[in-house]
Amino acid sequence: VRMMSDDASEVGLMTSNVDLYNSSYSNYSLELYSEIRLETYGEDYGQTSWVSTEESHEIPELLQLSRDSSVLEIGCGSGGYAVGLAKRTGCRITGFEINASGVKTANSLAEKEKVSEIVTFEQHDASRKLPYEYGSFDAIYSTDVMCHVPLRKQVLTNTQGLLKAGGRFVFSDALVIGGVISNEEIATRSSVGMYFFSPPGVNEQLIEESGLKLLEARDTTENSARLSKRWHDAREKRKDAVIACEGEENFLGVQRFLECVHTLTSERRLLRFLYTCEK
């Protein structure tokens, strides 16, 4: 048992040293990273996820947002999507994120875009009790964040409590297991942070146990396959400039990560689903 524990510690050290999120958030305003996002997604929301532009545009409809809606975003990243959503709909949005660089960038962006009166960003851990009143949000959404959270059932239960009656929750999970995955592939796919992989059906079960009603579970794996390839190629095209920002070791680590995502999703050994729920 001691040997297994030591090995696990070594694997954790080996697979958590690729910096995707801090570099993306802290370099958000650089033209280089904006060009990469535009080439990857077609629009620039500061994305570091597998959400297509079409899905981004559809989320307000799935959430049934109006100008009077009060919205919570779990895992706001650098805040670009929430700021854009508030500008398009006029709704009030509170976003939170565990990454301090993301929160700092998000609040700066809200001020720059003159929406700080209706959009605010805070630093919280989704797996802990949140400082919001129960029944205080018309809608909640979370893009590719749930796979980072260890206490998924607790997050879903908390979300159910924070929603008003009839309110909707839309979230995606990019780590649903669809086939055989090697330990090397799991290590590479997990190299940019903490991740939790789940078998098919687990999210549906936890949604039901939380008291939410599942309206739709949509397979969006193709998005992950397409976007990971575009993201990889956009970075490769600007290799020298990205290395100047991140360093060569990190550049290569992120490229290996993106190659792994593309392989696993294009072969459907790792799946992504978009879930729409209602209270």
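This text follows the structure it describes.
Everything numeric here is computed off the predicted structure, so don't read it as measured data.

(A) Structural detail: helix H10 (residues 221-237). Here H10 is 17 residues long and its end C-alpha atoms lie 25 Å apart, about the 24 Å a rise of 1.5 Å per residue gives. What H10 keeps buried is the set Thr221, Asn223, Ser224, Ala225, Leu227, Ser228, Trp231, His232, Ala234 and Arg235. Those residues of H10 that are buried are in contact with helix H3 (31-41), helix H4 (53-63), strand S6 (213-219), helix H11 (239-246), helix H12 (248-266) and strand S7 (270-278).

(B) Representation of the packing of aromatic side chains in the model. As enumerated under the stated definition, the model contains 10 aromatic pairs in all. Where tyrosine 45 meets tyrosine 81, the ring centres are 5.4 Å apart and the plane angle is 85 degrees; that geometry is what we call edge-to-face. Here tyrosine 81 lies in helix H5 (residues 80-89) and tyrosine 45 lies in the loop between H3 and H4, a separation of 36 residues in the sequence. Cluster of aromatic residues (ring-pair linked, three or more members): Tyr41, Trp50, Trp231 and Phe257. The ring of tyrosine 195 has arginine 189 sitting right over it, with the charged end atom 5.0 Å from the ring centre.

(C) Inspection of the sheet that holds S7 at higher detail. Strands sit in the order S3-S2-S1-S4-S5-S7-S6 across an open sheet of 7 strands; the sheet is mixed. Looking along the sheet, the strands with just one partner apiece sit at the ends: strand S3 (119-123) and S6. Mean inter-strand twist for the sheet, computed between neighbouring axes without regard to direction, equals 15 degrees. Where strand S1 (residues 70-74) lies against strand S4 (residues 137-142), 3 bridges are found, and the strand directions are parallel. Considered in S4, the bridge of glutamate 73 is made with tyrosine 141. Sheet strands in contact with H4 are S4, strand S5 (163-177), S6 and S7, and its direction is about 145 degrees off that of S5. Along the sheet, helix H6 (residues 100-112) contacts strand S2 (92-97) and S3; its crossing angle with S3, the most-contacted strand, is approximately 165 degrees.

The rules behind these values
- Residues numbered from 1 in each chain as written.
- Predicted model: local features only at pLDDT ≥ 70, side-chain atom pairs only at ≥ 80, totals over all residues.
- Heavy atoms only, no water.
- Helix = DSSP H or I, 4+ residues; strand = E, 2+ residues; numbered from the N terminus.
- Expected span 1.5 Å × (residues − 1).
- Buried < 20%, exposed > 50% of the residue type's maximum accessible area, 1.4 Å probe, protein only.
- Contact = heavy atoms within 4.5 Å.
- Phe/Tyr/Trp six-rings, centres within 6.5 Å; stacked < 30°, edge-to-face > 60°.
- Lys NZ or Arg CZ within 6 Å of the ring centre and 35° of its normal.
- Pairing = 2+ DSSP bridges.
- Axes fitted to C-alpha atoms, helices over the stretch in contact; angles between N-to-C directions.

That's the geometry; what it means functionally is another story.
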